Amino acid sequence: MKKVLLTALAAATITVASAQNSAVNSAIMNQKNGTLDKAVTNIDQAIEHKKTKDKAKTWFTRGTIYQDLIGHPVYGNLANEKTPEIVMESYNKTIELDGKDGEYGKQVPARLEMLYGVFLNTAVDHHNNQEWAPAITNYEKALQAKPGDTLALKYGAYAAVNQQDYKKALNFLDELVKTGQADEEAYQTQIQILQQTEASDDQVMAALEAGLKAHPNSAYLMQQELRYYLKNDRGAEALTKLEKAIAADPNNASLHAVLGNLQEKNNDLEGATKSYKKAIELDPKSFDAYYNLAVLEFNKGVNVSKKAEKMDYATYQKRGKSIEADANKHFQASIPYFEKALEIQPDDQSTLRNLFTVYTRLGRKADAERINKKLK
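One numbering rule holds for all chains: residues counted from 1, following each sequence as written. Given that this is a predicted model, residues contribute local features only at a pLDDT of at least 70 and side-chain atom pairs are listed and counted only at 80 or more, while totals for whole chains, interfaces and linings are drawn from all residues. Excluded from the side-chain calculation are hydrogens and water; included are all heavy atoms of the structure.

### Here's the deal with the overall build of the chain
For step 1, the next point in the chain: Only DSSP runs of H or I covering at least 4 residues are called helices, and only runs of E covering at least 2 are called strands; the numbering of each starts at the N terminus. From N to C terminus, the chain includes 18 helices and zero strands.
For step 2, the next point in the chain: For the chain, the C-alpha radius of gyration of 36 Å lies well beyond 21 Å, the compact-globule estimate for 376 residues.
For step 3, the next point in the chain: Viewed in the frame of its principal axes, the chain has a C-alpha envelope of about 140 × 40 × 30 Å.
For step 4, the next point in the chain: Relative accessibility decides the category of a residue: with a 1.4 Å probe and only protein chains considered, values under 20% of the type maximum give buried, values over 50% give exposed, and everything between is partly exposed. Counting across all 376 residues of the chain, residues that qualify as buried make up 40%.
For step 5, the next point in the chain: The contacts of the chain with a sequence gap of at least 6 include a subset with a gap of at least 24, amounting to 52%.
For step 6, the next point in the chain: Here the Shrake-Rupley method, with its probe set to 1.4 Å, supplies the accessible areas, and only the displayed protein chains count as covering residues. Only carbon and sulfur atoms are counted for the fraction: they give 49% of the accessible area of the chain, which is about 21200 Å².
For step 7, the next point in the chain: Lys and Arg are tallied as positive, Asp and Glu as negative. Neither His nor the chain termini are counted. The atom standing in for a charge is NZ when the residue is Lys, CZ when it is Arg, CG when it is Asp and CD when it is Glu. Here the chain holds 49 positive side-chain charges and 49 negative ones, and the gap between their average locations is 2 Å. For the radius of gyration, the atoms used are the C-alpha atoms, and the globule rule reads 2.2 Å times the number of residues raised to 0.38. Only heavy atoms enter the contact rule, under which two residues are in contact if any of them lie within 4.5 Å.

As structure tokens, this is what we get:
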């Protein structure tokens, strides 16, 4: 009697297991036949049953079926925003159960590459049509299939910038930097976003340091780092950085203009004059170089004039006019540079104010009045 009972139980167990294995096989057959709705029903049943839920074959099959739903001309409506998560969950579980070298585990990378391609191509289509929100969504899905992919990270960041979602753009860029494959343009974008979102100087300088470590000859990154050194009164470090920047990009007029400014701050007026003139030689439309050179000459005139102001009456009667004449030479020397700067930027108010001052000081009333009409 006991023997008969055990045989009956065994038969019952075999029947149940076979039924569930049949659900997986039916899912595979329906998938091959193109009836994905039935395949989904079959595999959802199998994934819940205790006899098949821990089988690599079940999870791999689930992944392939749900993956086939994405973009399907007939059954695509069965997919939703959670479908990629289901696919990823299925393949991850396959690897967990079967290992990377198992019968099903070794098939996962190729399936993920296919999934990545679908999402990346969809993202690019939306990107080219300037449909930023769906482009970002599909870049994110591509990254689920291929974590750390530099294309999805870089262009996901650009899409987020166009969407004005700067937080998300920085997240993309931070992940791109972690890959060690961020190009110079990516670092430039990161710096510009940090500056636009009013990040702290420490945050910007940390990003600049990382960028220059990856791209030590980037003139743009050097210029930006120099700007923050100057802003924080770290002149000696700034000079070292600037010399490296000029060595990397000797024909960059902006760098020579900045060097002149730094030399001027260090009271090296002769060096500053040479640097400003070098900048003008390299770029005849360098507003900063012309303006700074004009201010340098003007300030020289002011400093000379102060000597006369400190004299007593008797001393001034003897030497004052000579000193004032020397001062006026510098004021006169500043005019061509101010005028050239104004030619480059006709509405610059600082240039107009300075020209009005120097014209007035030299007694050129008509010119002073002409400039005064342009002042706001």
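### Remarks on the side chain of aspartate 348
For step 1, the next point in the chain: By the secondary structure assignment, aspartate 348 is in the loop between helix 16 (313-344) and helix 17 (349-361).
For step 2, the next point in the chain: The salt bridge definition used is simple: a Lys or Arg side-chain nitrogen within 4 Å of an Asp or Glu carboxyl oxygen. Despite its burial, aspartate 348 pairs with no opposite charge; the closest candidate is arginine 353, at 7.0 Å N-O.
For step 3, the next point in the chain: Setting aside residues no more than four positions away along its own chain, aspartate 348 makes contact with Phe287, Tyr291 and Leu342.

### Brief notes about the packing of helix 8 (residues 166-178) against helix 9 (residues 184-196)
For step 1, the next point in the chain: For the pair helix 8 and helix 9, the least separation of the axes is 10 Å and the interaxial angle reads 145°. The handedness of the crossing between helix 8 and helix 9 comes out as left-handed. Residues Tyr166, Ala169, Leu170, Leu173, Asp174, Leu176 and Val177 of helix 8 pack against Ala186, Tyr187, Thr189, Gln190, Ile193, Leu194 and Gln196 of helix 9.
For step 2, the next point in the chain: Charged residues are taken to be Asp, Glu, Lys and Arg, nonpolar residues to be Ala, Val, Leu, Ile, Met, Phe, Trp, Tyr, Cys and Pro, and polar residues to be all remaining types, Gly included. Tallied by class, the residues present in the contact of helix 8 with helix 9 amount to 10 nonpolar, three polar and one charged. All axes are obtained by fitting lines to C-alpha atoms, using only the stretch in contact for helices, and the reported angles, taken between N-to-C directions, cover 0 to 180 degrees. Crossings are assigned a handedness: left-handed for a near helix turned anticlockwise from the far helix by less than a right angle, right-handed for a clockwise turn.

### Points about unusual backbone geometry
For step 1, the next point in the chain: Here glutamine 130, not a glycine, exhibits a phi torsion of approximately 60°, which is positive.
For step 2, the next point in the chain: By secondary structure assignment, the location of glutamine 130 is in the loop between helix 5 (108-128) and helix 6 (132-145).
For step 3, the next point in the chain: Unusually for a residue other than glycine, aspartate 233 sits at a positive phi of about 55°.
For step 4, the next point in the chain: Residue position: aspartate 233 is located in the loop between helix 11 (219-231) and helix 12 (235-248).
For step 5, the next point in the chain: On the basis of relative accessible area, aspartate 233 is assigned to the exposed category, the value being 71%.

### Concerning helix 11
For step 1, the next point in the chain: The span one expects for a helix is its residue count, reduced by one, times 1.5 Å. Taking 1.5 Å per residue as the helical rise, helix 11 with its 13 residues ought to reach 18 Å, and the 18 Å between its terminal C-alpha atoms agrees with that figure.
For step 2, the next point in the chain: Those residues of helix 11 not exposed but buried are Ala219, Leu221, Met222, Gln224, Glu225, Leu226, Tyr228 and Tyr229.
For step 3, the next point in the chain: Considering only its buried residues, helix 11 is in contact with helix 9, helix 10 (201-214), helix 12 and helix 13 (253-265).
For step 4, the next point in the chain: Just beyond helix 11, the residue with positive phi is aspartate 233, at close to 55°.

### Concerning the nonpolar core
For step 1, the next point in the chain: In this structure, Tyr66, Tyr139, Phe172, Val204 and Leu242 are the most contacted members of the largest nonpolar core, which totals 68 residues.
For step 2, the next point in the chain: Leave out the neighbours within four places in its chain, and tyrosine 139 touches Leu120, Ala123, Val124, His127, Ala152, Tyr155, Gly156 and Ala159.
For step 3, the next point in the chain: Among the nonpolar cores identified, the runner-up in size contains 28 residues, and Tyr291, Phe331, Val358 and Ile371 belong to it. Among buried residues, those of type Ala, Val, Leu, Ile, Met, Phe, Trp, Tyr and Cys that are joined through side-chain atoms within 4.5 Å constitute a nonpolar core.

### Quick word on the pattern of salt bridges
For step 1, the next point in the chain: Summed over all chains, the structure comprises 18 salt bridges.
For step 2, the next point in the chain: With a shortest N-O distance of 3.3 Å, glutamate 96 and lysine 93 are connected by a salt bridge. Placement of the pair is glutamate 96 and lysine 93 together in helix 4 (residues 83-98), with a separation of three residues, close to one helical turn.
For step 3, the next point in the chain: The class of glutamate 96 is exposed, set by a relative accessible area of 58%.
For step 4, the next point in the chain: Notably, a salt bridge pairs aspartate 367 with arginine 364, separated by 2.9 Å at the nearest N-O pair.
For step 5, the next point in the chain: Bridged by salt links that share partners, the residues Lys154, Asp183 and Glu185 form one connected network.

### Some points on helix 6
For step 1, the next point in the chain: In a regular helix each residue adds 1.5 Å, so 14 residues correspond to 20 Å; helix 6 covers 20 Å between its end C-alpha atoms and thus fits that length.
For step 2, the next point in the chain: Every buried residue of helix 6 is accounted for by Trp132, Ala135, Ile136, Asn138, Tyr139, Lys141, Ala142, Leu143 and Ala145.
For step 3, the next point in the chain: The inward-facing, buried residues of helix 6 abut helix 4, helix 5, helix 7 (150-162) and helix 8.

### Observations regarding the environment of asparagine 33
For step 1, the next point in the chain: Mapped onto the elements, asparagine 33 comes out in helix 1 (residues 2-33).
For step 2, the next point in the chain: Judged by its relative accessible area of 56%, asparagine 33 falls in the exposed class.
For step 3, the next point in the chain: The spatial distance from the C-alpha of asparagine 33 to the C-alpha of lysine 340 is 78 Å, given a sequence separation of 307 residues.

### Considerations on the side chain of glutamine 349
For step 1, the next point in the chain: As for its position among the elements, glutamine 349 is in helix 17.
For step 2, the next point in the chain: When sequence neighbours within four positions are dropped, the list of residues in contact with glutamine 349 reads Lys374, Leu375 and Lys376.

### Focus: the packing of helix 4 against helix 6
For step 1, the next point in the chain: Remark: helix 4 packs on helix 6, axes separated minimally by 10 Å, with the N-to-C direction vectors making an angle of 5°. By the criterion of interaxial angle, the relationship of helix 4 to helix 6 is roughly parallel. The residues of helix 6 that touch helix 4, namely those facing Pro84, Glu85 and Met88, are Lys141, Gln144 and Ala145. Convention used here: angles under 35 degrees read as roughly parallel, angles over 145 as roughly antiparallel, angles from 65 to 115 as roughly perpendicular, and any remaining angle as oblique.

Read these as geometric descriptors, not functional statements.
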